[in-house]
Amino acid sequence: MGHARKLVYGLALTLGLGCAAELSRAPVAFTPITGEPRTLRVKETVSVTPSTGYTRNIRAGSAWRLVGSLPQGEVYRPVGEVFTVEGANVHEAYLVVAQGSVVGFYLPGEAAFAPLPGAVPLPTEQGAP
Amino acid sequence: MKKSMAAAFALLAGCVSGGMKHAELKSSMQALKSEEGRIYFYRTGSIFGVAVQADIYLNGAVVGASQPGGFFYVERPAGKYEAHASTEVSRMVTFTLDPGETKYIRSYVSMGILVGHVNLELVNADEAEKQLESLSYTGPSPVPPAAAAKSADAAPAAQAQ
């Protein structure tokens, strides 16, 4: 491979890495929980990959507290930890769970919903952390 | 030999080492106001990209700079925030701050085309507190009282509890 071509490929790679995709998301109405909050504990580590392609693990043993709901599902906030999803930017994120599966993320800093391309089953048990 | 030693010294000179350590500072910090939270910004003393230092913006206003081996903090009303550093590529972190909550944002340098990029990421409290131990305070001097750090650049609180 010629020197010039290597340089072009190198630059293209650098540029590509520097231009991660923006996370697909839309504004959403969040309804805070009114009753007794409940907590879920994750039984097995689950990997979730939003539209940006950056995979995140939902760790086994991590606890998530129900804080409200969206039209898409219930919203769970991590207990004692911070959880983020990323693309071109980094977003603090809560899990949105419907029928036992993670269907996306609620981004509290933007009041937006970022859907997952497909629902991911989340094995959990209920109980206080 | 002399040249390489001079180069190493010049690199190390970019690291913060003389400021107050976190443990000393913590004992003199005022309690948070009931409607406020605290946001730490820090950068570990990695030698990589030591010359790349950038201003850090919180909701559009400069609150400090990313310096290797340094940390500072601001106290803000609960609400929604976005933070970014002023380098070639601007990568934003969005998050919420609850009353009484402390958030930790670490900056690090990654490779860029012309210069390195300063990136920000949210960090868990346990990890951040350990890393803060060895870092030096780079905020305003004297340590700002909680009241001085308050500003109106936060959006109204509207978040999950």
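Residues numbered from 1 in each chain as written. Chains lettered and ligands numbered in written order. Predicted model: local features only at pLDDT ≥ 70, side-chain atom pairs only at ≥ 80, totals over all residues.

(A) Broad picture of the overall build of chain A. Counting secondary structure elements, chain A contains 1 helix and 13 strands. Start at the N end of chain A and walk to the C end: the helices and strands fall as α-β-β-β-β-β-β-β-β-β-β-β-β-β. Within chain A, contacts between residues at least 6 apart in sequence are counted, and of these 52% link residues at least 24 apart. (Helix = DSSP H or I, 4+ residues; strand = E, 2+ residues; numbered from the N terminus. Contact = placed C-beta atoms within 7 Å.)

(B) A look at the confidence of the model for chain A. When the pLDDT values of chain A are averaged, the result is 87; 83% of them are 70 or greater. Here residues 10-17 of chain A scores under 50 on pLDDT; set against residues more than four positions off or in separate chains, the count is 1 contact. (pLDDT = per-residue confidence, 0-100.)

(C) Up close: the confidence of the model for chain B. Residues and elements named next belong to chain B. Of all residues in chain B, 73% have pLDDT values of 70 or greater, and the mean over the chain is 79. Across residues 1-13, where pLDDT falls below 50, the model places 2 contacts with residues more than four positions away in sequence or in other chains. Considering only residues more than four positions removed or in separate chains, one finds that residues 146-161, a stretch of pLDDT under 50, has 39 contacts. The complex model carries a pTM of 0.80, and its ipTM stands at 0.83.

(D) A look at the interface of chain A and chain B. Contacts between the two partners involve 22 residues from chain A and, on the opposite side, 20 residues from chain B. Mapped onto the side of chain A that touches chain B, the elements with two or more residues apiece are helix H1 (3-18), strand S6 (63-70), strand S7 (73-78) and strand S9 (90-92) of chain A. Class assignment for the residues of the side of chain A that touches chain B results in 11 nonpolar, 7 polar and 4 charged. Pairing of S9(A) with strand S6 (residues 93-97) of chain B involves 2 bridges; the strand directions are parallel. Along S6(B), the bridge assignment pairs A:His91 with B:Thr94. (Nonpolar A, V, L, I, M, F, W, Y, C, P; charged D, E, K, R; others polar. Pairing = 2+ DSSP bridges.)

(E) View of the pairing of S6(B). Residues and elements named next belong to chain B. Taken across its 5 residues, S6 has 5 buried, putting it largely inside the fold. Of the two faces of S6, the one carrying Val 93, Phe 95 and Leu 97 and the one carrying Thr 94 and Thr 96 are both buried. Across 5 bridges, the pairing between strand S5 (residues 79-85) and S6 is antiparallel. Bridge pairing links Gly 79 to Leu 97 in S6. (Buried ≥ 20, exposed ≤ 12 C-beta atoms within 10 Å, placed from the backbone.)

(F) Seen up close, the sheet that holds S5(B). The 6 strands are arranged S8(A)-S9(A)-S6(B)-S5(B)-S2(B)-S3(B) in an open sheet whose pairing can be described as mixed. What marks the edges here is a single partner per strand, and that holds for strand S8 (84-86) of chain A together with strand S3 (61-66) of chain B. Within this sheet the neighbouring strands show an average axis-to-axis angle of 25°, counted without direction. (Axes fitted to C-alpha atoms, helices over the stretch in contact; angles between N-to-C directions.)

(G) Spatial organisation of unusual backbone geometry. All names here are of chain A. For Gln 99, which is not a glycine, the phi torsion comes out positive at approximately 50°. On the basis of neighbour counts, which here come to 8 C-beta atoms within 10 Å, the residue Gln 99 falls in the exposed class. For Ala 111, which is not a glycine, the phi torsion comes out positive at approximately 50°.

(H) Up close: the environment of A:Pro78. Residue and element names in this part refer to chain A. Summarising the element assignment, Pro 78 is placed in strand S7. Given 18 C-beta atoms within 10 Å, Pro 78 falls into the partly exposed group. Between the C-alpha atoms of Pro 78 and Ser 47, which are 31 residues apart in sequence, the distance is 15 Å. Excluding residues that lie within four positions of it along the chain, Pro 78 makes contacts with Ser 62, Trp 64 and Phe 83.

(I) Representation of the sheet that holds strand S1 (residues 36-42) of chain B. All names here are of chain B. Here 5 strands make up an open sheet; going across it, the order is S8-S7-S1-S4-S9 and the pairing mixed. Pairing within the sheet leaves two strands with one partner each, and these edge strands are strand S8 (117-123) and strand S9 (136-137). Sheet topology note: the strand S7 (residues 102-110)/S8 ladder contains 7 bridges and is antiparallel. Across the sheet, the residue bridging to Ser 110 is His 117, located in S8.

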